[in-house]
Amino acid sequence: MASLITHSPAYPLVAAQPGIWIADAIAQQRNQFTVAHYSVLHGDINRAALDSAIRQTMAEADTVQARFGLDENGNPAQWFGAQALVLPEWHDFSQRADATGQAHKLMQADLRAELAADGDKPLYRHVLMRVGDGSWWWYQRYHHLLVDGFSFEALTQRVATIYAELCRGEEPSSSPFTPFSEVIDEYQQWQASPAFARSASHWQTYAAELPETLTLSSESVTDAGDRPINCHVALPELTTLRQHVAFQDCSEGDIVSALLVAYLARISDNSRLAIGFPFMRRMGSAALTALGPVVNVLPLIFDIPHHTDLAALVQQVQAEIRKARRHQRYEAEQLRRDLGLVGSSQQLYGPVINVKVYHDDLQFDGIPAATHTLAMGPVDDIEFEVGFRDGALQLTLVANPTRYDAQMLQRHADRIHHLLTQFAAQPETTLDTLSIIAPDELYDLQRWSTGPEFTPPAGATTIVDMLLQRTAQSAELTAVVCGTQSLTYRQLTERAMQLAHVLIARGLRADDVVA
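Residues numbered from 1 in each chain as written. Predicted model: local features only at pLDDT ≥ 70, side-chain atom pairs only at ≥ 80, totals over all residues. Heavy atoms only, no water.

Peer 1: Mind showing me how you'd approach the overall build of the protein chain here?
Peer 2: In terms of regular secondary structure, the protein chain is built from 14 helices and 18 strands. C-alpha extents for the protein chain along the principal axes are approximately 95 × 65 × 55 Å. Per-residue burial over the protein chain gives 46% buried out of 515 residues. When contacts within the protein chain are restricted to residue pairs at least 6 apart in sequence, long-range pairs at least 24 apart make up 70% of them. Of the roughly 26,000 Å² of accessible surface on the protein chain, 51% is carried by carbon and sulfur atoms. Looking at charge distribution, the protein chain has the averaged site of its 38 positive side-chain charges lying 3 Å from that of its 60 negative ones. (Helix = DSSP H or I, 4+ residues; strand = E, 2+ residues; numbered from the N terminus. Buried < 20%, exposed > 50% of the residue type's maximum accessible area, 1.4 Å probe, protein only. Contact = heavy atoms within 4.5 Å. Areas by Shrake-Rupley, 256 points an atom, 1.4 Å probe, with all protein chains shown as cover. Lys, Arg positive; Asp, Glu negative; His and termini not counted. Charge placed at Lys NZ, Arg CZ, Asp CG, Glu CD.)

Given below as structure tokens:
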């Protein structure tokens, strides 16, 4: 741990911060809670205006300028205004043949570097890099203790707003951000309120009998990377589905969430699931315009009859979200302690469905700027992100690289898209009639399960006949090989006959299934 920080006053960590602090402290690699993306800026960028916009935004952001450590009582704390302003860096790679490669190299090196919450290294960084096509890549990186996805977006949009104002020759507008100290005060007051007790009672009752934790992974991945892996699924069929009367008044996020619940139920063959849903905890709170990480991932429990349809699942998703939203301030980590799950293999939830509804298109000089996510913090198992990309809704699967590989993740993506295609064609289809095997996967299965075709020798009508004939002709030739072991035709025949006699002695008859 870093030395005690003596800036005054010290504020406690609240909301998502304590969990991040503890997980960061025990992580084998002290960069797991890095969050970063880069935006591609086109047009004639005014360097002076953009540099000033970034500096002012960072100066307005109290959590970004905070330092973290232990207070005089040994408790984790934060001190606002204790961080010196970190200036944007500018690099021109445009004359390099590998300009984009150099930009990626810089960003990846930064992401691999340690970023301990209690270290001396600045917890944020901005880099502007000019690449070969004349565009600028704007790289932003923060520690997750400073921001969550909502506040990362807010900071990005604030820079764009100030930049536009400066380019018009205007004075920058006043800061829209609420001091995070107000969120802390509000949080402490809520913990002492009757509302806290009601929420505790709700969640302790609701989650008293959690379903077994679901995972879509069946094995560990060797040679796994350090960062979560991802793949994207376009959802054009969603437009067709929304034209059906049952979905006309439903949000796209609710429909896709229900589609994912349907997929998880079908692929796992479970009719009761606990799925994590992030709640922003900002509406009706000082956190609405504050910047710290306050998101709270809570378990929603779904009962899914096999004969249900997508419209019924949408209604169940909406009902569960409404029910949870009233008690969304209650900490998931506290609920784990309440239920005695600390140190247990039982989790509050398995997969996570994250519907990001706070996206606004990023523009500079009226030209759209595409943003690419580089790091979003650790993923325990698998997360489904529903959000907009290039103006269209898109599903992104993000997975723990020690549990999933790229091929496995793509299989899940293809199956989910296949389910959506079936619902779009027949919106009233029930879950038990759905095919979860995508066409490409079905083709592969048929190809893998079809052996070579050949004409059996005369007098042979079964595999056993063919084995016996071959044994009579070449008993000592090698028949099968596995690693360093091999069997001759004679040995293979003897072992097959021994096993056959054992099975017959146990009562097996013709056409019985053994395995």
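Peer 1: Honestly, empty space enclosed by the protein in this entry has me stumped. Any pointers?
Peer 2: Here the idea is plain: a probe the size of a water molecule rolls over the atoms and shows the empty space left. As enumerated under the stated definition, the model contains 1 cavity of 30 Å³ or more in all. Empty space within the largest cavity amounts to approximately 110 Å³. Around the largest cavity, the lining residues are Val14, Ala15, Val183, Glu186, Tyr187, Trp190, Arg281, Ser285, Ala287, Val294 and Arg329. Classifying every residue of the lining of the largest cavity gives 7 nonpolar, 1 polar and 3 charged. (1 Å grid on protein atoms, 1.4 Å probe; cavity = no way out; pocket = protein on both sides within 12 Å on 5 of 7 lines; lining within 4 Å. Points joined across faces, edges and corners; volume = space filled by probe spheres on them. Nonpolar A, V, L, I, M, F, W, Y, C, P; charged D, E, K, R; others polar.)

Peer 1: How do you make sense of the sheet that holds strand E14 (residues 370–376) when you look at a structure like this?
Peer 2: Pairing between sheet strands relies on hydrogen bonds along the backbone, with the strands arranged either parallel or antiparallel. As summarised here, the arrangement of the 5 strands in space is E5-E6-E7-E2-E14, forming an open sheet in which the pairing is mixed. Looking at the sheet topology across the chains shown, the edges are occupied by strand E5 (89–92) and E14. Across the sheet, the mean angle from the axis of one strand to that of its neighbour is 15°, orientation sign disregarded. In the sheet, E5 pairs with strand E6 (residues 124–130) via 4 bridges, with the strands oriented parallel. Among the inter-strand pairings, Trp90 is bridged to a residue of E6, identified as Leu128. (Pairing = 2+ DSSP bridges. Axes fitted to C-alpha atoms, helices over the stretch in contact; angles between N-to-C directions.)

Peer 1: Which parts of the structure should I look at to understand the layout of surface pockets?
Peer 2: Of the pockets and cavities examined, the second largest pocket occupies roughly 210 Å³. Lining the second largest pocket are 13 residues, with Ala154, Gln157, Arg158, Pro176 and Phe177 positioned closest to its centre. The residue makeup of the lining of the second largest pocket, split by class, is 7 nonpolar, 3 polar and 3 charged.

Peer 1: Is there a simple way to explain the side chain of Ser94 in this structure?
Peer 2: For Ser94, the location among the structural elements is in the loop between E5 and helix H3 (99–112). Given the relative accessible area of 16%, Ser94 is considered buried. Within the structure, the side chain of Ser94 is placed 2.5 Å from the side chain of Asp92, a separation counted as a polar contact. Side chain to side chain, Ser94 and Gln95 meet in a polar contact 3.4 Å long. Those residues in contact with Ser94, other than ones at most four positions away along the chain, are Ala99, Arg130, Val131 and Gly132. (Polar contact = N/O pair within 3.5 Å; in protein donor to acceptor, adjacent residues only side chain to side chain.)

Peer 1: Would you mind going over the nonpolar core with me for this structure?
Peer 2: What tends to happen in soluble globular proteins is that the nonpolar side chains get buried as a cluster. Phe384, Leu395 and Leu397 are the most contacted members of the largest nonpolar core, which has 66 residues in total. Ranked by the residues each element gives to this core, the list is headed by helix H8 (residues 252–268), at 10 residues. Leave out the neighbours within four places in its chain, and Phe384 touches Leu216, Leu260, Leu264, Pro351, Val352, Ile353, Asn354, Leu395, Thr396, Leu397 and Ile416. Grouped together as the second largest cluster of nonpolar side chains are 40 residues, Trp21, Ala53, Leu115 and Leu123 included. (Core = buried A, V, L, I, M, F, W, Y, C linked by side-chain atoms within 4.5 Å.)

Peer 1: Teacher, can you tell me more about the packing of helix H11 (residues 406–425) against helix H12 (residues 439–448) here?
Peer 2: Each pair of packed helices can be summarised by the angle the axes make with each other and by the distance between the axes. Closest axis-to-axis distance for the H11/H12 pair is 8 Å, and the angle between their directions is 120°. By the angle class used here, H11 and H12 are oblique. Across from Arg411, Arg415 and His418 in H11, the residues of H12 making contact are Pro439, Asp440, Glu441, Asp444 and Trp448. (Parallel < 35°, antiparallel > 145°, perpendicular 65-115°, else oblique.)

Peer 1: Would you explain the pairing of strand E2 (residues 34–41) in this entry?
Peer 2: For a regular strand, side-chain orientation follows a simple rule: the groups alternate between the two sheet faces. When you tally the buried positions in E2, you get 8 out of 8 residues, the bulk of the element. Taking every second residue as pointing to the same face, both faces of E2 are buried, with Thr34, Ala36, Tyr38 and Val40 on one and Val35, His37, Ser39 and Leu41 on the other. As paired strands, E2 and strand E7 (residues 136–143) are joined by 8 bridges and run antiparallel to one another. Bridge pairing in E7 places Thr34 opposite His143.

Peer 1: Please clarify how the packing of helix H13 (residues 463–473) against helix H14 (residues 489–505) should be interpreted in this entry.
Peer 2: At their nearest, the axes of H13 and H14 sit 9 Å apart, and the two run at 140° to each other. Judged on the interaxial angle alone, H14 and H13 are oblique. H13 and H14 meet at a crossing whose hand is left-handed. Taken together, the residues of H14 that come into contact with H13 (itself represented by Val464, Leu467, Leu468, Arg470 and Thr471) are Tyr489, Arg490, Leu492, Thr493 and Met497. Residues of the contact of H13 with H14, tallied by class, amount to 6 nonpolar, 2 polar and 2 charged. (Left-handed = near helix turned anticlockwise from the far one by under 90°.)

Peer 1: Explain the pattern of salt bridges here, please?
Peer 2: Where charged atoms from two side chains of opposite charge approach closely, those side chains can pair. This structure, assessed with the given rule, holds 24 salt bridges. For the salt bridge of Asp444 with Arg447, the shortest nitrogen-to-oxygen distance reads 3.0 Å. Taken together, the positions of Asp444 and Arg447, both in helix H12 and 3 residues apart, correspond to about one turn of that helix. You can call Arg447 partly exposed: its relative accessible area is 43%. Across the pair Arg490 and Glu476 runs a salt bridge whose closest N-O atoms are separated by 2.9 Å. Remark: Glu476 occurs in the loop between H13 and strand E17 (478–482) and Arg490 occurs in helix H14; sequence separation between them is 14 residues. Taking the relative accessible area as the measure of exposure, Glu476 reaches 51% and is therefore exposed. (Salt bridge = Lys/Arg side-chain N within 4 Å of Asp/Glu carboxyl O.)

Peer 1: Help me understand the sheet that holds strand E3 (residues 67–70), please; the structure alone is not making it clear to me.
Peer 2: An order of E1-E4-E3 is seen for the 3 strands of this open sheet, with the pairing classed as antiparallel. Across the chains shown, the open sheet's two edge strands, defined by having one partner strand only, are strand E1 (11–12) and E3. Here 4 bridges tie E3 to strand E4 (residues 76–79), and the two strands are oriented antiparallel to one another. Bridge pairing in E4 places Gly69 opposite Ala77. On top of the sheet, helix H1 (residues 17–26) reaches E1, E3 and E4; it is set at about 70° to E3, its chief contact.

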